[in-house]
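# Architecture and fold: a report
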Amino acid sequence: MIKRRDFIKTSAALGVPTAAILSACNPNEANAKTVKGSLENAAKTPLVISTWNNKLANQTAYEIIKKNGSAVDAVEAGVQIPESDPKDQSVGYGGHPDREGNVTLDACIMDSKGNYGSVTYLQHIKHPIAVARKVMDETPHVMLSGDGALQFALSQGFKKEDLLTAKTKADYKEWLKTSEYKPKVNIELHDTIGMIAIDGVGDISGACTTSGLAYKMPGRVGDSPIIGAGLFVDNEIGAATATGMGEAVLRSVGSFLIVELMRNGLSPADACKEAVMRIIHKQSYKDLQVGYLAVNKEGDYGAFAIQPGFVFALTTDEETKVIDAISYI
Ligand code: GLY
């Protein structure tokens, strides 16, 4: 029997469009919304792309690339914009707390050489991505968690801060009245900035940072700091990142899957779609949001989400624009 991967490769060699390949592999494909226009998108490199309407974050990253900076420096600087924005209630300072009222942060960074650093369940530090970078550059490890991550951050000169704002304190007080836990699609699940950059020499890096689900159980860690789930970079192939319900992304190791599908010939858009379909086939998705964003080495990009409402920001030399992702529903 022909294996699926061989089928994709053979079909690609025969010139069968990847959308048709996916249709053959996914019985539910017929239900998926067909897009206005093509699933394929090409942008000139260098570029910066990120989940949600993170225009300023993209532009900050792109400025670094324009000054011949590296993709890894660019993504580290870019995602710090929402991390320090008190109005962004799902990333860094001003993020919603867990159900005990503590803001706990997850972040990771991956560079073009395959180096990776991450922090999970980090409290009191406004820029978890900068701590993740230090883990990558300054330690023999790839991941530090909880109090260990905090102690490491303090030893590196980071300042201990209260990350709650008047608004998130008030929201938490209100939430305690019912303590109902039912994360809202595209609101409490509008959660993460995942950013990918291709720099002037064509190297790819990515960063991902979040305060995770509002009112999560204490100790909960999502997909964002986990290599292959919230983010994966392979400088020879491309990169992918995720937003939405981390549990669903973790179960399917979504970002790694997308990069491997691109290695096997799928476009970024089709690879994102396939990763979403893997989730949909296994669990109820009515109230579930997951959105994937991917770029290949050539600068083709694509995104796909379960629910409508997922947008992403793209910055190239020409402009910064916010684009609606295609969704299954
Ligand atoms: N996608 C972020 C989280 O689930 O924590």
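Here, every reference points to the structure presented above.
In this report, we go over the structure that sits alongside the text. Quick caveat, the model's predicted, so the values are computed rather than measured.

Turning to the overall build of the chain, a few remarks are in order. Check the secondary structure of the chain and you find ten helices and 14 strands. Counting over 329 residues, the chain shows a buried share of 57%. For the chain, the exposed surface amounts to about 13700 Å²; the carbon and sulfur share of it is 53%.

The subject of this paragraph is helix 7 (residues 166–176). For helix 7, the full list of buried residues reads Thr-168, Asp-171, Tyr-172 and Trp-175. Burial along helix 7 is one-sided: seen end-on, the buried residues are contained in an arc of 100 degrees. Among the exposed residues of helix 7, those oriented more than 90 degrees off its buried face are Ala-166 and Lys-173.

Looking now at the environment of Phe-310. With respect to the helices and strands, Phe-310 occurs in the loop between strand 11 (300–305) and strand 12 (311–315). Given the relative accessible area of 1%, Phe-310 is considered buried. In the structure, Phe-310 is positioned 14 residues away from Asp-324 in sequence and 6.3 Å away in space, judged by C-alpha atoms.

Look at any regular strand and the pattern is simple: side chains alternate between the two faces of the sheet. In terms of residue burial, strand 6 (residues 192–198) counts as a mostly covered element, since seven of its seven residues are buried. Because side chains alternate across strand 6, one face comprises the buried residues Thr-192, Gly-194, Ile-196 and Ile-198, and the other comprises Ile-193, Met-195 and Ala-197, equally buried. Sheet analysis places strand 2 (residues 47–51) next to strand 6, joined by four bridges and oriented antiparallel. Each residue of the ladder has a partner; that of Ser-50, found in strand 6, is Met-195. Taken together, the seven bridges between strand 6 and strand 7 (residues 204–210) define a ladder with antiparallel strand orientation. Its bridge partner being in strand 7, Ala-197 is matched across the sheet by Ser-205.

Further remarks concern the site of the ligand. The environment of the ligand is made up of Asp-191, Thr-192, Gly-212, Arg-220, Gly-222, Asp-223, Ser-224, Gly-244 and Gly-246. The separation between a nitrogen atom of the ligand and a polar side-chain atom of Thr-192 is 3.3 Å. Between Asp-223 and the ligand, the recorded distance is 2.7 Å, taken from a side-chain N or O atom to a nitrogen atom. Isolated, the ligand exposes 200 Å² of accessible area, and the fraction of that covered by the protein chains is 100%.

Here we come to the nonpolar core. Ile-49, Ile-258, Val-290, Tyr-292, Tyr-301 and Phe-312 are the most contacted members of the largest nonpolar core, which has 55 residues in total. No other element matches the seven residues that helix 10 (residues 268–280) contributes to this core.

Moving on, we get to the pairing of strand 8 (residues 231–234). Residues Leu-231 and Val-233 line one face of strand 8 and the alternating positions Phe-232 and Asp-234 line the opposite face, and both faces are buried. Looking at chain direction, strand 8 and strand 9 (residues 238–244) are connected through four bridges and run antiparallel. In the sheet register, Asp-234 faces strand 9, and the bridge partner there is Gly-238. Counting the residues between successive antiparallel strands, the hairpin from strand 8 to strand 9 contains three residues.

Criteria and cut-off values
- Residues numbered from 1 in each chain as written.
- Predicted model: local features only at pLDDT ≥ 70, side-chain atom pairs only at ≥ 80, totals over all residues.
- Heavy atoms only, no water.
- Helix = DSSP H or I, 4+ residues; strand = E, 2+ residues; numbered from the N terminus.
- Buried < 20%, exposed > 50% of the residue type's maximum accessible area, 1.4 Å probe, protein only.
- Areas by Shrake-Rupley, 256 points an atom, 1.4 Å probe, with all protein chains shown as cover.
- Arc of directions from axis to C-beta.
- Pairing = 2+ DSSP bridges.
- Near = heavy atom within 4 Å.
- Polar contact = N/O pair within 3.5 Å; in protein donor to acceptor, adjacent residues only side chain to side chain.
- Core = buried A, V, L, I, M, F, W, Y, C linked by side-chain atoms within 4.5 Å.

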